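# Architecture at a glance
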Amino acid sequence: MDNQSALLNEYDAWFDSTGLKGFLARQLFGTFGLWAASTPLIRLPEELSLTAKTTHLDIGSGTGALARHLSLRTESPNAPVLIDFSSIALKIARENKPMGMPDRNTVPHLLQATATDIPLKTATFNLITCGYVAKHLDETDLFKLFSEAYRLLTPGGLFLLWEFGPSGNKRLDRWNSFVLSRYVSQPILRSTETLQEIADDAGFGFYEDARLRPFLFPPIPRASILAGKPPEGFEVSDRLRTETP
Ligand SMILES: C[S@@+](CC[C@H](N)C(=O)[O-])C[C@H]1O[C@@H](n2cnc3c(N)ncnc32)[C@H](O)[C@@H]1O
């Protein structure tokens, strides 16, 4: 069995489990997790000035909590698209009713696919998000993910990716990797600088540390990057390829 099939089996087992493990997975990758483990994302509509014109794709969506949140907050008539390789995660996403506003446009389109090869039309979305997937991908696959995000963005669109990252302290990082590897096999922790290099290689015109923080839970640092595809005819100066302070 290759690594991706093994990982998919792990996630399916998590989401499908009827015990405490399944309950925790559904909570952690659901609305509760959005508030407890991905707190800065709650303010994305303000931080990125999202409007009703948002066309959103979430890669590795889990149960779709972020897409539902953004949909409700932006009141975009464009249904978000959720991609996940786990049919069980997508089944939970389908069953999760949007809270508050039962507008059919907040009901997402669901697509079972891998993050590195997305069967959707080029230049379709002006916002692409991807949370907690990068740690599973080696260099080649992470480059493919960034390249797919670049291809799928409309000119002027934004790609936001976040993941557990290194702390800068080797002993602490070994401990964090040990803690994470109890839940997912062999996570790869990358710094924001590394993510920026990959964004550059994938052709993004500009990118910066998204400075998404604080994450409240678990107490492991996150790396995050906001990368943009310049509007047509826009010359990107080196100044816009922002260095991490
Ligand atoms: C840790 S969960 C995060 C879910 C969601 N992004 C969140 O922040 O709550 C990672 C999700 O990505 C999916 N995933 C992992 N690797 C993937 C890949 N290569 N292609 C598509 N989905 C993937 C898993 O099935 C899982 O639903």
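Before any of the text, the structure's been laid out above.
Let us look at the structure shown here.

Criteria and cut-off values
Residues numbered from 1 in each chain as written. Predicted model: local features only at pLDDT ≥ 70, side-chain atom pairs only at ≥ 80, totals over all residues. Heavy atoms only, no water. Phe/Tyr/Trp six-rings, centres within 6.5 Å; stacked < 30°, edge-to-face > 60°. Helix = DSSP H or I, 4+ residues; strand = E, 2+ residues; numbered from the N terminus. Buried < 20%, exposed > 50% of the residue type's maximum accessible area, 1.4 Å probe, protein only. Salt bridge = Lys/Arg side-chain N within 4 Å of Asp/Glu carboxyl O. Axes fitted to C-alpha atoms, helices over the stretch in contact; angles between N-to-C directions. Parallel < 35°, antiparallel > 145°, perpendicular 65-115°, else oblique. Contact = heavy atoms within 4.5 Å. Nonpolar A, V, L, I, M, F, W, Y, C, P; charged D, E, K, R; others polar.

As a further point, take the packing of aromatic side chains. A complete count under the given rule lists 13 aromatic pairs for this structure. Note on phenylalanine 15 and phenylalanine 29: the rings are 5.8 Å apart at their centroids and 65° apart in plane angle, and the pair reads as edge-to-face. Note that phenylalanine 15 is positioned in helix α1 (residues 3-16) and phenylalanine 29 in the loop between α2 (20-28) and α3 (31-36), a separation of 14 residues in sequence. A residue is classified by how much of its surface remains accessible, and phenylalanine 15, at 4% relative accessible area, is buried. Overall, phenylalanine 29 belongs to the partly exposed group, its relative accessible area being 25%.

Taken as a whole and assessed by the stated rule, the structure comprises 8 salt bridges. Note that lysine 91 is salt-bridged to glutamate 95, the shortest N-O span being 3.4 Å. Highlighted residues: lysine 91 and glutamate 95, both in helix α6 (residues 87-95), separated by 4 residues, approximately one helical turn. Assessed through its relative accessible area of 46%, lysine 91 is described here as partly exposed. With relative accessibility at 47%, the residue glutamate 95 sits in the partly exposed group.

Bringing the packing of α1 against α2 into the picture now. At a minimum axis distance of 6 Å, the contact between α1 and α2 shows a crossing angle of 100°. Classed by the angle they form, the pair α1 and α2 counts as roughly perpendicular. On α2, the residues that touch Trp14, Phe15 and Asp16 of α1 are Lys21, Gly22, Ala25 and Arg26. Considering only residue class, the contact of α1 with α2 consists of 3 nonpolar, 1 polar and 3 charged.

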